[in-house]
Amino acid sequence: MKNDRYFKVLVVLAVIGLVLGSFGVIKTLLYGKHATDLGSYVPWGLWVAVYLFFLGLTAGAFLITILTYVFRVKIFAPIGPLSAFTVLVAIVCEVIIISFDLGHFARAYRFLINPGWYSMIFWMVVFTNAMIVIYALECYFLLRKDLVQWSKEEGRPGQWLYRFLSFGKTEFTEEDEIADHRRVRTLSILSLPVGLIFYGLNGAIFAILLNRPLWNGALTPLLFIVTALLSGGALITLLTYLFRIDDALVHYLGHVVRFLLVVFLFLQFVQFFVGYRTALPITRASLDIIAFGPYWWVFWVVHLLLGSAIPLYLLAAHHTSAKAVAWACFLIVITFIAVRLNFVIPDQAVYKLEGLEATFYHHRLRTTEYFPNLTEWLVSLWVFSLGMLAFLLGSRWLPVIAAGKGEEAHV
Amino acid sequence: MSKDLPTEDLLIRMQRDLKRTQKKKPEEVRWGMVIDIAKCIGCHACTVACVAENKLPPGVVYRVVLEEEVGQYPAVRRRFVPRPCVHCQNPPCTKVCPVTATYKTEQGAVIVRYERCIGCRYCLVACPYAARTSDFREWYTANTPELEGRILGRQGAAKGYELHPAAEYGQKWPERNGGSPVGNARKCHFCLHRLQVGMLPACVTSCVGRATIFGDRTDPNSLVFEMLGSPRIFRLKEELGTQPSVYYLK
């Protein structure tokens, strides 16, 4: 972090977020889904959108570790350990938020004893766990050298932690270093197919559903991979700038983000063009909700203006300025929740049978009335704050930046 | 005087069909339903009967009656389409369940194992007929004052009706709190608990127009089999290939 003051401010904000968010968490734990504004016709809401948001954040870091340790692109090496750590934090947040969304979280063990082999969600759980294991190990092997060194430094704060994480290892030889980098490379190679399946699979959860005009189709898994790389790439670029790792690297990453943003906007245009030209009533109705519905400003102002047009301008016209690139990436990251909300909700917000809206009146049986309530926002805030705090403390107390220095030599 | 009535109520015929079905091996039975929309008067009695039979809480409904307007003024008509779970023979909802909590029985009914359901609601999203609802722990008596003594307060009122769930799937469920069926996906199950004891589903017996026909669609002597031969037969969203076990007569 460039400035220690920023670090402290962010930690305080995260703690405030945790305290405020805990009201929503407690309410959810006490009353379950009753505490939400979800219903049977819009059964997936803000928490699923936040889940997808975190999913995206993991992808950029995934891209960096793959490029660094599989394809040996040296320029990304300094942010390799930071990237692996980011994946780990984001993926844990992803698991936490989606756990809140379950009606019976205590039955999560059912995934083990009654696996639904045909279910995309079952495989999502399998691959999420695989990603956590891969990145936890990768992160550890990238940091171990520095952990051992820090555990020996007398007077270093938190020495007990480094001793604990070193698992009693006091000497770190050159052979150990070579062995650890071999392990990191093996894990990165393994993470390539696992990660691609993981991101595509999350798209497939939606893509395979019948009668879901915006979700159903081969474009969705591809869109998921691109959107994930875009939001994740933007986050890594922002972090590279904030941690003052290398401004040249920020410029390089800025080009990548600009390319991904253009590809994403093109795919989104294709989705709208095909949807409107096909003119199926339910497809048009879903697209109309995005573009002209009660939350039209989420699409036009938050996503297209703040999250796309301004970043694109900054990335194109001011690509030489690391600060401008960082601002562009910051805007992309924070507005990406709008993209996720506009993916998750509009498709559900259209009644799938004519006359369904007039059959049985109850607020849990409406589509247009869903808007995340305070509890849903507070739980989301709690998870965001937890993730931010874990990331801030981890980046301060673990050698995620230090381990990246001179990393090019090992790639 | 003849023992047979000059005309027979369809319910008596279906009841007779059901008795015959009970003598068959379970794996030889395939439940089916035919709804004659020309006979449906839109009274919603089936919806109410289903809610009462299964003690459904607010926001949970298994069988709704859709009201459709056909044509344009002045040549406009209204028609009613009751929509239970259509019990697809190729159900999209069972395939998406990550813990195999929902499945198709060998008699063709799609049901939920409440004790296994984790409440991810993927099946709700996957159902093209919006036939599943989630139990969000709503109470009819939520706003009833908490009073004890002579006046029947919330506890008394709730205990009389909604505190004890119905014996769905022929099981006794615990008092409604956080456990199943709260938090679960819930759906029409063709009143399996009634079928087990030789009773027709509640929506069938409550239909004043006798628009809902139920029985074993593999039994050539059954009324439902007879109806399936009608040229008026159709199924909802046939193009999706879900092959519903609930048929309609135009």
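Draft legend 1. Local environment of the packing of aromatic side chains. On inspection of all chains with the given rule, the structure shows 39 aromatic pairs over all chains. When the ring of Phe269(A) is compared with that of Phe273(A), the centres are 5.9 Å apart and the planes differ by 25°; the resulting orientation is stacked. One end of the pair is Phe269(A) and the other is Phe273(A), both in helix H9 (residues 247-278) and four residues apart, which spans about a single turn. In this structure Phe273(A) comes out as partly exposed when scored by relative accessible area, which is 47%. By way of ring pairs, the aromatic residues Trp44(A), Phe206(A), Trp215(A), Phe224(A), Phe343(A) and Tyr122(B) are connected into one cluster. Across the ring face of Phe7(A), the terminal group of Arg396(A) is positioned such that the distance to the ring centre comes to 3.8 Å.

Draft legend 2. Expanded view of the packing of helix H7 (residues 174-207) of chain A against helix H8 (residues 219-242) of chain A. Residues and elements named next belong to chain A. The contact between H7 and H8 brings their axes to 7 Å, and the two run at 130°. Relative to H8, H7 is oriented oblique. Handedness of the H7/H8 crossing: right-handed. Listed contacts from H8 to Leu 196, Tyr 199, Gly 200, Asn 202, Gly 203, Ala 204, Phe 206 and Ala 207 of H7 are Thr 220, Pro 221, Phe 224, Ile 225 and Ala 228. Here the contact of H7 with H8 is built from residues that sort into nine nonpolar, four polar and no charged.

Draft legend 3. Structural view of the state of the cysteines. Following the criterion strictly, the structure yields zero disulfides over all chains and no others. This cysteine, Cys139(A), is not joined by any disulfide, and Cys93(A) carries the nearest cysteine sulfur, 14 Å off. Judged by its relative accessible area of 4%, Cys139(A) falls in the buried class. This cysteine, Cys117(B), is not joined by any disulfide, and Cys123(B) carries the nearest cysteine sulfur, 6.2 Å off. Taking relative accessible area as the criterion, Cys117(B) reaches 9% and is therefore assigned buried.

Thresholds, definitions, all that
Residues numbered from 1 in each chain as written. Chains lettered and ligands numbered in written order. Predicted model: local features only at pLDDT ≥ 70, side-chain atom pairs only at ≥ 80, totals over all residues. Heavy atoms only, no water. Phe/Tyr/Trp six-rings, centres within 6.5 Å; stacked < 30°, edge-to-face > 60°. Helix = DSSP H or I, 4+ residues; strand = E, 2+ residues; numbered from the N terminus. Buried < 20%, exposed > 50% of the residue type's maximum accessible area, 1.4 Å probe, protein only. Lys NZ or Arg CZ within 6 Å of the ring centre and 35° of its normal. Axes fitted to C-alpha atoms, helices over the stretch in contact; angles between N-to-C directions. Parallel < 35°, antiparallel > 145°, perpendicular 65-115°, else oblique. Left-handed = near helix turned anticlockwise from the far one by under 90°. Contact = heavy atoms within 4.5 Å. Nonpolar A, V, L, I, M, F, W, Y, C, P; charged D, E, K, R; others polar. Disulfide = S-S within 2.5 Å.

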